[in-house]
Amino acid sequence: PHARLTIDPEFTVGPVPRRLFGSFAEHMGRCIYTGIFEPDHPTADEDGLRGDVLELVRQVGPTVVRYPGGNFVSGYDWEDGVGPREERPRRLDRAWRTVETNQFGLDEFATWAQKAGTEVMMAVNLGTRGMQEACDLLEYANHPSGTRLSDLRRSHGRQDPYGITLWCLGNEMDGPWQTGHKTAHEYARLAAETARAMRTVDPSVELVACGSSGRGMATFGEWERVVLEETYEDVDMISAHAYYEEAQTGEDTVGDFLASAKDMDAFIEEVVATADAVRARGRHRKHVGISFDEWNVWYQTPWRDSDRANARTAWDVAPRVIEDEYSVTDAVVVGTLLNSLLRHGDRVTVGAQAQLVNVIGLLRSEEGGPAWKQTIAHPFEQMRHRATGAILDVRTRGDQVSTARFDDVDLVDAAATWDEESGVLSLFLANRSEHEAGDVEVPLRAFVGEMRVAEALVLAAGEGQDRHTTNTQAAPDAVGMRPLEGVVVQDATARVTLPPLSWA
Ligand code: AHR
């Protein structure tokens, strides 16, 4: 395929939102236990945090991490996870049918986040609990001192408030699988009242109302409308969640899978349209943003058929759950999902890839053993560090295909940023063609001064590999970023040749 991209430093979408490149750590499977927390691990520090995982997290660099769920939060009593460890109760976690030991809770997570250099995004339980417990948790976390719960925090060794700004008002409350699932009206009222109450405890909070847990939900659209009609002035963002997988049967399944970002683009644009319609009708001044706080590739079909999902096994501590092993293809799709988020960075102001370790993880770790980056961590890490300054409005003219599910799919998918201060232009390019190289041409006339290639890296199947190659414990670096040869800038035009099925 061939593509020509038109960019101009004067045509921007907006600044790159700092929180766009976040991740998510749920009490689920081995994300927390033996993922980020393993006191007996050889690299564990004085807080029981795995040093090898912390080091990889610092490299990948999520700017914000959502916690503690996920479906888990909708049955969680946060009080179980604070105070002396030996007194914390073991509880049934109904969401994943496991035993929660509560050896890790808010104080441990906040300590971990500080060491990882990331911001905490906290979720409150609006499934089995409500406004009072949400305010209690906020008081424990953010009130300075002199009250029961702020002094309780201090008695646990944390004198200063955590100052957690970002809060999710529940999780996926539109989903029938959610503990305490609600209708849009029921949730909207609860979210509005909880938001108002939380703002009286701490007016500096930024609040996210639950949107749809997928664009395919029967209530999608109407859910957002009802929730925003009720909460518009009380919340800052509405959430969106999306997971993609390559179907195991059918025609051109890889074509559909590689076009997943078309669905993400549409999802974002439809939520924006709905939010803006509520804004117009209510004569509101502000715009509500989107917190895309769960997204990834996730092979959900095998999970749905699994024993645990079907209640045939239960009640282990930190079992292996949805430990998907990601391939080259998955990494290319994740790269295009990152492109989609970046293209919409004027409205998507928070993003959280799900999840950080082991559970559909950017990273993998073994109990007592090593930790490594999955293929999908590479595009994430690149974009998190290289998307700086302003997001450019990229116009792509080039070859397109139709797949079974999508029309007009650009074979070259693109996003770009321009950092005026450092003079760095970053192009994020995917070649969706499975078998053909992609030629990309980018006229740079609009940029003052001489441009040269600083660095060019690509993720693609290497020698002796194919699109199914993954990173494993035995070969943790099989797939990663490699130098992309042959990128030139000549006659004020950049020319790039992308290998088949690649992200650069
Ligand atoms: O990330 C895994 C699960 O997916 C989360 O717990 C839930 O919110 C979503 O359905």
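Residues numbered from 1 in each chain as written. Predicted model: local features only at pLDDT ≥ 70, side-chain atom pairs only at ≥ 80, totals over all residues. Heavy atoms only, no water.

Draft legend 1. Here's a closer look at the overall build of the protein. A tally of helices and strands in the protein yields eleven helices and 26 strands. Since a compact globule built from 504 residues should have a radius of gyration of about 23 Å, the 23 Å found for the protein is in line with a globular shape. Counting only C-alpha atoms and orienting by the principal axes, one finds that the protein spans roughly 70 × 60 × 45 Å. Here the protein holds 504 residues, and 60% of them are scored as buried. Residue pairs in contact within the protein that sit at least 24 positions apart in sequence constitute 77% of those at least 6 positions apart. Looking at the protein as shown, the accessible area adds up to about 20100 Å², and 47% of this sits on carbon and sulfur atoms. With 50 positive and 81 negative side-chain charges, the protein shows a spacing of 4 Å between the two charge centroids. (Helix = DSSP H or I, 4+ residues; strand = E, 2+ residues; numbered from the N terminus. Rg over C-alpha atoms; globule rule 2.2 N^0.38 Å. Buried < 20%, exposed > 50% of the residue type's maximum accessible area, 1.4 Å probe, protein only. Contact = heavy atoms within 4.5 Å. Areas by Shrake-Rupley, 256 points an atom, 1.4 Å probe, with all protein chains shown as cover. Lys, Arg positive; Asp, Glu negative; His and termini not counted. Charge placed at Lys NZ, Arg CZ, Asp CG, Glu CD.)

Draft legend 2. Local environment of the site of the ligand. Surveying the vicinity of the ligand reveals the residues F24, E26, G70, N71, W96, N171, E172, Y243, E294, W298 and Q355. Within the backbone of N71, a nitrogen or oxygen atom sits 2.9 Å from an oxygen atom of the ligand. Bound to the protein, the ligand loses 95% of the 280 Å² it would expose on its own. (Near = heavy atom within 4 Å. Polar contact = N/O pair within 3.5 Å; in protein donor to acceptor, adjacent residues only side chain to side chain.)

Draft legend 3. Structural view of the packing of helix 10 (residues 328-343) against helix 11 (residues 377-386). For the pair helix 10 and helix 11, the least separation of the axes is 8 Å and the interaxial angle reads 30°. The orientation of helix 10 with respect to helix 11, classified from their angle, is roughly parallel. The two elements helix 10 and helix 11 meet at a crossing, and its hand is right-handed. Facing helix 10, whose interface residues are A331, V334, G335, L338, N339 and L342, helix 11 presents P379, F380 and M383. (Axes fitted to C-alpha atoms, helices over the stretch in contact; angles between N-to-C directions. Parallel < 35°, antiparallel > 145°, perpendicular 65-115°, else oblique. Left-handed = near helix turned anticlockwise from the far one by under 90°.)

Draft legend 4. Representation of helix 1 (residues 51-60). Along helix 1, the residues that are buried comprise D52, V53, L54, L56, V57 and V60. Structurally, helix 1 contributes buried residues whose contacts are with helix 2 (106-116), strand 13 (363-365), strand 14 (371-373) and helix 11. Looking one or two residues beyond helix 1, the residue adopting positive phi is G61, at roughly 80°.

Draft legend 5. Seen up close, the sheet that holds strand 26 (residues 502-503). Ordered in space as 2-15-19-20-26, the five strands form an open sheet in which the pairing is antiparallel. Only two strands of the sheet have a single neighbouring strand rather than two, namely strand 2 (12-15) and strand 26. With two bridges joining them, strand 20 (residues 424-431) and strand 26 adopt antiparallel strand pairing. Each residue of the ladder has a partner; that of N431, found in strand 26, is S502. This element, helix 10, spans strand 2, strand 15 (390-392), strand 19 (412-419), strand 20 and strand 26 of the sheet and lies at about 50° to strand 19. Strands in contact with helix 11 are strand 19, strand 20 and strand 26; relative to strand 20, the strand with the most contacts, it is inclined by about 155°. (Pairing = 2+ DSSP bridges.)

Draft legend 6. Seen up close, the environment of I290. You can see I290 is positioned in strand 11 (residues 289-297). The exposure class assigned to I290 is buried, which follows from its relative accessible area of 1%. Along the chain, I290 and G211 lie 79 residues apart, while their C-alpha atoms are 8.9 Å from each other. Residues contacting I290, with those up to four places away along its chain left out, are M237, I238, A240, I268, V271, V272, R347, V348, T349 and V350.

Draft legend 7. The arrangement of the sheet that holds strand 12 (residues 348-354) in detail. The sheet built from eight strands closes into a barrel, its strands ordered 3-4-7-8-9-10-11-12 with parallel pairing. On average, each strand axis in the sheet is tilted by 30° relative to the strand beside it, whichever way the strands run. Across three bridges, the pairing between strand 3 (residues 22-24) and strand 12 is parallel. Bridge pairing in strand 12 links F24 to A354.

Draft legend 8. Just the domain arrangement of the protein, in detail. For the protein, the domain assignment lists domain 1 (18-388) and domain 2 (392-503). On a C-alpha basis, the centres of domain 1 and domain 2 stand 29 Å from each other. Between domain 1 and domain 2, the contact holds 35 residues from the first and 39 residues from the second. Summed over both sides, the interface between domain 1 and domain 2 buries roughly 3200 Å², with carbon and sulfur atoms accounting for 60% of that surface. When the buried surface of domain 1 facing domain 2 is broken down by residue, D256, V328 and R386 rank first, second and third, together holding 18% of it. The tally of links from domain 1 across to domain 2 stands at four salt bridges. Of the charged contacts in the structure, one is a salt bridge between R343 and D413, with a shortest N-O distance of 3.1 Å. Seen at the junction of domain 1 and domain 2, the total is 22 residue pairs in polar contact (both at pLDDT 80 or more). Elements supplying a minimum of two residues to the side of domain 1 that touches domain 2: helix 7 (253-258), helix 8 (260-281), helix 10, strand 14 and helix 11. When residues of the side of domain 1 that touches domain 2 are assigned to their parent elements, the largest contribution, nine residues, is made by helix 10. (Domains from an automatic or database assignment. Buried area = accessible area lost by both parts, 1.4 Å probe. Salt bridge = Lys/Arg side-chain N within 4 Å of Asp/Glu carboxyl O.)

Draft legend 9. The environment of R215, seen in detail. Structurally, R215 is set in the loop between strand 9 (206-209) and helix 6 (222-231). Note: C-alpha distance between R215 and E323 (108 residues apart in sequence) is 24 Å. In contact with R215, other than residues within four places in its own chain, are F220, D263, A266, F267 and E270. Polar side-chain contacts of R215 include one of 2.8 Å to the side chain of E270.

Draft legend 10. Spatial organisation of the environment of D136. Among the secondary structure elements, D136 is positioned in helix 3 (residues 131-142). A sequence separation of 14 residues divides D136 from S150, and the C-alpha atoms of the two residues are 9.3 Å apart. Ignoring anything within four residues of it in the chain, the contact list for D136 reads W78 and L149.

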